[in-house]
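The lines below spell out each chain.
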Amino acid sequence: MAIVSLDENVEANPLLQDFEYPPFDVVEAKHVRPGIRSLLKKLEGDLTELERTVEPSWTKLVEPLEKIVDRLTVVWGIVNHLKSVKDNAELRSAIEDVQPEKVKFQLRLGQSKPIYNAFKAIQESPDWNALSEARKRIVESQIKEAVLNGVSLEDDKREQFNKIEQELERLSHKFGENVLDATKKFEKLITDKKLVEGLPATALGLAAQTAVSKGHENANAKNGPWVITLDGPSYVAVMQHARNRSLREEVYRAYISQASTGDLDNTGIIDQILKLRLEKAKLLNYNNYAEVSMATKMATVDKAEELLEKLRQASWDAAVQDIEDLRKFSKSQGALEADDLTHWDINFWSERLRESKFDINEEALRPFFSLPKVMDGLFNLAKTLFGIEIEPADGLAPVWNNDVRFYRVKDSSGSPIAYFYFDPYSRPSEKNQGAWMDEVIARSRVLSRDGASARLPIAHMVCNQTPPVGNKPSLMTFREVETVFHEFGHALQHMLTKQDEGLVSGVRGIEWDAIELPSQFMENWCYHKETLMGIAKHFETGESLPEDIYLKLVAARTFRAGSLSLRQIRFAAVDLELHTKYVPGGPESVYDVDRRVCERTQVIPPLPEDRFLCGFSHIFGGGYAAGYYSYKWAEVLSADAFSAFEDAGLDDSKAVKETGNKFRETILALGGGKAPLQVFVEFRGREPTPDALLRHNGLLPVAASA
């Protein structure tokens, strides 16, 4: 390792302290290089020692291994998290510098022959059957992961494999940075009031607030100027509400072409990533990368394709009907574009049709969904279903931004069992788009702080909703409410784990295509009357959401279900196609593949210049490669799981509590310590079927006739 001139004393580096809560408030870019290098040096030493003394026993193999893995996960997690919520050039550059060293260490760890052989020895020992199910899962998954990490490759092949891994890690980071920079780069300054007609007050407030931050200090919601960006809340508002068709067109075209031109062009990166993934698969003796991806999932390529096709057939006629309905409706409203509806018209007219059909105006509902009320309702639901108490614990742990909240989770006896951070608002200049949950610290017996009780898990939930404007709280769309419920479902699985083996506690070790089960499950409660009415109180008057509006929300749940289902199927199918049949450098481009997939999954074909793949971070910058189908796969599981509550009777509070407790003790408690199918069967009493999902989406009769 090169001698580094340390900017500061390593001893004082916050990344290297023995902290209970990560020092998010003081970690800066300058700590990353010396901190990560010093940590890697120590872990290298620990690994060498482990290899020297390893024996096929839990205390001499798994416990020291967990300590190494955990330390790297936690510290790298801090740095990576800050990059996604507080991005800046110095931090980027520091991470870029140490990333290859981190990957090199991970490869050395993943390819350790002594560790691999010790796991094989445990599996082949006479004591194998005496191991708990969780421990067996750890051993089996460590052996499988080692093989997928190239442990069995000979020297030159291993070297090639390692080069590929380094390069893939670099490219995926670069991909994400380009997307963030492209989002930041587009801003449209509007001074003409006519152009923003139709935009709701919240969107105008946000656009004026953005304008102020860009130096137009007198900007206000009423008179502008306004700045439109490609950030979620801004983009969606324009597509759904701007009456000016050419503004919608301009913003839409910018959105589908982001990160596809100039020095932020992701096209070449996509091709390199796909080429390297295929090479990696071939080195490991798989036909394509999708097979590598599925080696650690519930599904197989065939099973995933079969499910997508079944859902596609159930959705197609409904989606065709959706477009027909929009044509008729826009014509009845005298729209000049009615005979020529295209991409930038669909969301706009869908909103108008939704408003007329269900008399629901998404924007008019915002005052009923203030963030504080939504969180109260969510926490009450968690108490009812899972018997837990959630209370603010602000000030207990350092945070990265003043808007971040910190919470403590207690069980029915009042003892703390977990903690979580919540970072709700959009900050386009430094924060990644979308919403996500991640682990900060996992539950673990071995890493207990007091030697007696397991170390408690900590999660973070990140959303990107409209920040408070003026003295109003953050007022949410119903979709944003669903998003908070979704991320909280992930957090619950991390926090309510009863698994003490750190390598499979919480969300660790759970097959990727089962990971969305609790999150999508929680979304169903947004349509549960008692839950929703408990949340939906007007932020000024305190009045409840009118009953008829609740009924309309439920009716609107299946509105355009066919189209929305096909949209997800397009993403999932193009992902699988690119990782099974696509030949990098062959006659077809990735965009040709996308267009081909769209023929089966999109009623209106994409524009010739559609480059949505350049912003498809899930598969090129995140963990969903050849795994995007997981959303649909897990939706089947989550809808079926929710149907257990429907069967028990949603109005029967005793039955709901009993079913909730069962859900907690199986799906939320067992972590990766049991195969997800077994966990599901333990909860549901049978294997999953897609019927509940099609029923919830109103697609069952269509499916029957298809």
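Residues numbered from 1 in each chain as written. Predicted model: local features only at pLDDT ≥ 70, side-chain atom pairs only at ≥ 80, totals over all residues. Heavy atoms only, no water.

Keep this limit in mind: UniProt positions are given in the numbering used here, feature names are shortened, and annotations may be inferred rather than shown by experiment.
The name an unreviewed UniProt entry assigns to the protein chain is oligopeptidase A, from the organism Quillaja saponaria. UniProt, in the comment section headed Sequence similarities (unreviewed entry), describes the protein chain in these words: "Belongs to the peptidase M3 family." Check the Catalytic activity (unreviewed entry) section of the UniProt entry for the protein chain; it says "Hydrolysis of oligopeptides, with broad specificity. Gly or Ala commonly occur as P1 or P1' residues, but more distant residues are also important, as is shown by the fact that Z-Gly-Pro-Gly-|-Gly-Pro-Ala is cleaved, but not Z-(Gly)(5)."

## Quick look at empty space enclosed by the protein
Inclusion rule: Put simply, the grid is 1 Å and covers the protein atoms alone, a cavity is a trapped set of points that fit a 1.4 Å probe, a pocket is an open set with protein on both sides within 12 Å along at least five of seven lines, and lining residues have an atom within 4 Å of a point. Grid points are joined across faces, edges and corners, and a volume is the space filled by probe spheres set on the points. Helix and strand assignments follow DSSP, with helices taken as H or I runs no shorter than four residues and strands as E runs no shorter than two, numbered in order from the N terminus.
Using the criterion set out here, one finds three cavities of 30 Å³ or more in the structure. If you add up the space inside the largest cavity, you get close to 150 Å³. Surrounding the largest cavity, 18 residues form its lining, Gln-493, Ala-514, Leu-517, Pro-676 and Val-679 being those nearest its centre. Elements represented by at least two residues in the lining of the largest cavity include exactly α17 (517-523), α24 (653-668) and α25 (676-684).

## Focus: the sheet that holds strand β6 (residues 436-441)
Put simply, the test is: Being paired, for any two strands, means DSSP has found at least two bridges between them. Between the N-to-C directions of two axes lies an angle of 0 to 180 degrees, each axis being a line fitted to C-alpha atoms and, for a helix, fitted only over the stretch in contact.
Sheet architecture is open: five strands sit in the order β3-β4-β5-β7-β6, paired in mixed fashion. Pairing within the sheet leaves two strands with one partner each, and these edge strands are β3 (389-392) and β6. For this sheet, the mean inter-axis angle between neighbouring strands, taken without regard to orientation, is 25 degrees. Sheet topology places β3 next to strand β4 (residues 405-410); four bridges connect them, and they run antiparallel. Paired with Pro-392 across the strands is Tyr-407, a residue of β4.

## Some points on the environment of Glu-28
Stated precisely, the cut-off is as follows: Only protein chains enter the calculation, and the probe is 1.4 Å; a residue is then buried if its accessible area is under 20% of its type maximum, exposed if over 50%, and partly exposed in between.
When you line up the elements, Glu-28 lands in the segment before α1 (29-53). Judged by relative accessible area, which is 44%, Glu-28 ranks as partly exposed. Distance from Glu-28 to Leu-15, taken between C-alpha atoms, is 9.6 Å for residues 13 residues apart in sequence.

## Remarks on the UniProt feature "domain: Oligopeptidase A N-terminal" (unreviewed entry) in the protein chain
The feature "domain: Oligopeptidase A N-terminal" (unreviewed entry), as given by UniProt, occupies residues 36-158 in the numbering adopted here. For residues 36-158, helix accounts for 81% and strand for 0%, while the C-alpha atoms at its two ends are 25 Å apart.

## Overview of the pattern of salt bridges
Put simply, the rule reads: Each salt bridge in this description consists of a side-chain nitrogen of Lys or Arg and a carboxyl oxygen of Asp or Glu lying within 4 Å of one another.
On inspection of all chains with the given rule, the structure shows 65 salt bridges. Here Lys-60 makes a salt bridge to Glu-55, at a shortest N to O gap of 3.5 Å. A relative accessible area of 37% means that Lys-60 is categorised as partly exposed. Residue classification places Glu-55 among the partly exposed positions, given a relative accessible area of 39%. Close ionic contact of Glu-665 with Lys-498 constitutes a salt bridge, the shortest N to O distance being 2.8 Å. With a gap of 167 residues between them, Glu-665 in helix α24 and Lys-498 in the loop between α16 (478-495) and α17 connect regions that are remote in the sequence. In the salt-bridge network here, residues are joined through shared partners; they are Glu-305, Glu-577, Lys-581, Glu-588 and Arg-596.

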